[in-house]
Amino acid sequence: MTQTATQTQREIPQPLGPDSYTWQDFGSWRFHLMLPQAFVLQVAHPIIDAGVGEHSVYKTDPWGRAKRSTELLWPIVYARPQKAIEMGIKLRDLHRSIKGVDKQGNKYFALDPEAYSWVHITGYDATIRMHEMLGKSPTTEQRHAMFVEWRQLGKMMGIRDQDLPATESDYWDYFHGIIRDRLEWGEVVQDLMRPDHYLDIPKPPGSRIPDGAWRLILAVMGRFMRFNLRATLPHPFREKFQIPWSKTDQRLFRAWCGVYRVLHALTPKSLRLIPLARRAYRDARQHPEAYHINTIPEGARYDIG
């Protein structure tokens, strides 16, 4: 394969399989409870704030944005190996066009190594705290395996090895350092943290829910979503930006987590996952040979800019 001046060659990463912790977690409904706080952490990075503020439709088309994100990112996990690799390349390629100049006159580029890796870096914290809050804390051995898989997924997304913390200890130093030194209260974060942000969500496209009923739904669910967002944000982030969180809030959240654990235990395993993940598991059971990682030549490489 010819290498151009704007391309570098990288070893093809090894996709994650259906026996991984990532398959169990990434497509679970409880992981989706952690996604709003991860999005806030991501857009608090000034480069991501600039890109999302100019290019994203999170305000005008939140349902469409969520659907496109699921169709683009989740198949890097829940797909046969070759398809997963192709989706990882596609994800990185789509970020090439996200560039511009922010309101302070600074150039930004979505593939800036720090910014691009930060999006993925928020995921490991979200996964660990999801288990701690809504399940049970992983063992030392489980955490090690989950961290190795997290790095593996990062490489699937086209993140360079040197842009991923090498150890879990390095990870937490880096994670807290970015919160302390780099994150800002930008326009997108300010919008997401508005008290009425979740009360302004439009109805899903094609929904037949009457407007009055939708407002009632949001009156309940919108307030819960805001509470869940504040509850799941990392403490250092809440502390840095003085986001209110009282002892009463913490007691209420612990009670909710207890209820959720019971509901989770009573839910059949297949129903704990989003439809895409359920279909992938079904395909893996029916065609286990298609998920053999050794179908990808060892040492194979691909071009990526």
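Only a predicted model underlies this, so the values are computations on that prediction, with no experimental measurement involved.

Undergrad: Would you explain the environment of Glu-289 in this entry?
TA: Tracing the chain through its elements places Glu-289 in the loop between helix H14 (275-286) and strand E4 (301-304). Judged by its relative accessible area of 46%, Glu-289 falls in the partly exposed class. As for Glu-289 and Thr-248, which are separated by 41 residues in sequence, their C-alpha atoms are 52 Å apart.

Undergrad: I keep staring at the environment of Gln-37 and nothing clicks. Help me out?
TA: For Gln-37, the location among the structural elements is in helix H3 (residues 35-43). Taking the C-alpha atoms as reference, Gln-37 lies 9.7 Å from Leu-192; in sequence the two are 155 residues apart. Once residues within four sequence positions are removed from consideration, Gln-37 is found in contact with Asp-125, Ala-126, Arg-129, Leu-229, Thr-232, Leu-233 and Pro-234. At 3.1 Å, the side chain of Gln-37 forms a polar contact with the backbone oxygen of Met-34.

Undergrad: Is there a simple way to explain the pattern of salt bridges in this structure?
TA: Between side chains of opposite charge, a pair can form as their charged atoms come close. One pass over the full model with this rule turns up 17 salt bridges. Asp-283 serves as the salt-bridge partner of Arg-80, at 3.0 Å between the closest nitrogen and oxygen. Separated by 203 residues along the polypeptide, Arg-80 in the loop between helix H5 (62-73) and helix H6 (81-94) and Asp-283 in helix H14 bring together distant segments of the chain. Given the relative accessible area of 37%, Arg-80 is considered partly exposed. Between Arg-143 and Glu-168 there is a salt bridge, with its nearest N and O atoms 2.4 Å apart. Placement of the pair is Arg-143 in helix H8 (residues 140-156) and Glu-168 in helix H9 (residues 168-181), with a sequence separation of 25 residues. Summarising the burial analysis for this pair, Arg-143 and Glu-168 share the class buried. Residues participating in the shared-partner salt-bridge network are Asp-191, Arg-194, Asp-196 and Asp-200.

Undergrad: Honestly, the side chain of Glu-149 in this entry has me stumped. Any pointers?
TA: By the element assignment, Glu-149 lies in helix H8. At 12 Å, Arg-151 is the nearest oppositely charged side chain to Glu-149, a buried residue that forms no salt bridge. For Glu-149, the residues in contact, after removing those within four places along its chain, are Leu-16, Ser-20, Tyr-21 and Thr-22.

Undergrad: So what exactly am I meant to see when it comes to the packing of H3 against helix H7 (residues 113-134) here?
TA: The geometry of a pair of packed helices is captured by two quantities: the angle between their axes and the separation between those axes. Their axes nearest at 9 Å, the elements H3 and H7 cross at an angle of 145°. As H3 runs across H7, the sense of the crossing is right-handed. Facing H3, whose interface residues are Gln-37, Ala-38, Leu-41 and Gln-42, H7 presents Trp-118, Val-119, Thr-122, Asp-125, Ala-126 and Arg-129. A per-class count over the contact of H3 with H7 returns five nonpolar, three polar and two charged.

Undergrad: Which parts of the structure should I look at to understand H9?
TA: Structurally, the α-helix is built with 3.6 residues per turn, so residues lying three or four positions apart point the same way. For H9, built from 14 residues, the straight-helix expectation of 20 Å at 1.5 Å per residue is met to within 8% by its first-to-last C-alpha distance of 20 Å. Those residues of H9 not exposed but buried are Glu-168, Tyr-171, Trp-172, Phe-175, Gly-177, Ile-178 and Ile-179. Considering only its buried residues, H9 is in contact with H3, H7, H8 and helix H12 (235-240).

Undergrad: What's the story with the packing of H7 against H9 in this structure? I'm lost.
TA: Running from amino to carboxyl end, H7 crosses H9 at an angle of 115°, the nearest separation of the two axes being 11 Å. It follows from the interaxial angle that H7 and H9 lie roughly perpendicular. Like other packed secondary-structure pairs, H7 and H9 cross with a definite hand, here left-handed. Residue-level inspection shows Glu-114, Trp-118, Ile-121, Thr-122, Tyr-124 and Asp-125 of H7 in contact with H9, the latter providing Glu-168, Tyr-171, Trp-172, Tyr-174, Phe-175, Ile-178 and Ile-179.

Undergrad: Can you walk me through the packing of aromatic side chains in this structure?
TA: To describe a pair of aromatic rings, you give the distance between the ring centres and the angle between the ring planes. One pass over the full model with this rule turns up 24 aromatic pairs. A ring pair is formed by Tyr-124 and Trp-172, whose centres lie 6.0 Å apart and whose planes are at 45°; its orientation type is tilted. Here Tyr-124 is found in helix H7, whereas its partner Trp-172 is found in helix H9, with 48 residues between them in sequence. The same class applies to Tyr-124 as to Trp-172, namely buried. Against the face of Phe-109 rests Lys-99, its NZ or CZ located 4.8 Å from the ring centre.

Undergrad: Looking at this structure, I do not really get the nonpolar core. What am I missing?
TA: One broad trend across soluble globular proteins is that nonpolar side chains are buried collectively. Ranked by internal contacts, the top residues of the largest apolar core, which has 80 residues, are Tyr-78, Trp-118, Leu-183 and Phe-237. If one sorts the elements of this core by residue count, H7 sits on top with ten residues. Ignoring anything within four residues of it in the chain, the contact list for Tyr-78 reads Thr-22, Trp-23, Gln-24, Phe-26, Gly-27, Leu-276, Ala-277 and Ala-280.

Undergrad: Is there a simple way to explain the environment of Phe-31 in this structure?
TA: In this structure, Phe-31 sits in helix H2 (residues 29-32). Judged by its relative accessible area of 5%, Phe-31 is buried. In this structure the C-alpha to C-alpha distance between Phe-31 and Met-130, which are 99 residues apart in sequence, comes to 6.6 Å. Every residue in contact with Phe-31, bar those within four places of it in the chain, is listed here: Asp-25, Phe-26, Gly-123, Ala-126, Thr-127 and Met-130.

Undergrad: What am I meant to see in the side chain of Arg-129 here?
TA: You can see Arg-129 is positioned in helix H7. In terms of polar contacts, Arg-129 uses its side chain to reach the side chain of Asp-125, at 3.0 Å. Sequence-distant contacts of Arg-129, defined by excluding residues within four places in its chain, comprise Met-34, Gln-37, Leu-134, Thr-232, Leu-233 and Pro-234.

Basis of the calculations
Residues numbered from 1 in each chain as written. Predicted model: local features only at pLDDT ≥ 70, side-chain atom pairs only at ≥ 80, totals over all residues. Heavy atoms only, no water. Helix = DSSP H or I, 4+ residues; strand = E, 2+ residues; numbered from the N terminus. Buried < 20%, exposed > 50% of the residue type's maximum accessible area, 1.4 Å probe, protein only. Contact = heavy atoms within 4.5 Å. Polar contact = N/O pair within 3.5 Å; in protein donor to acceptor, adjacent residues only side chain to side chain. Salt bridge = Lys/Arg side-chain N within 4 Å of Asp/Glu carboxyl O. Lys, Arg positive; Asp, Glu negative; His and termini not counted. Axes fitted to C-alpha atoms, helices over the stretch in contact; angles between N-to-C directions. Left-handed = near helix turned anticlockwise from the far one by under 90°. Nonpolar A, V, L, I, M, F, W, Y, C, P; charged D, E, K, R; others polar. Expected span 1.5 Å × (residues − 1). Parallel < 35°, antiparallel > 145°, perpendicular 65-115°, else oblique. Phe/Tyr/Trp six-rings, centres within 6.5 Å; stacked < 30°, edge-to-face > 60°. Lys NZ or Arg CZ within 6 Å of the ring centre and 35° of its normal. Core = buried A, V, L, I, M, F, W, Y, C linked by side-chain atoms within 4.5 Å.

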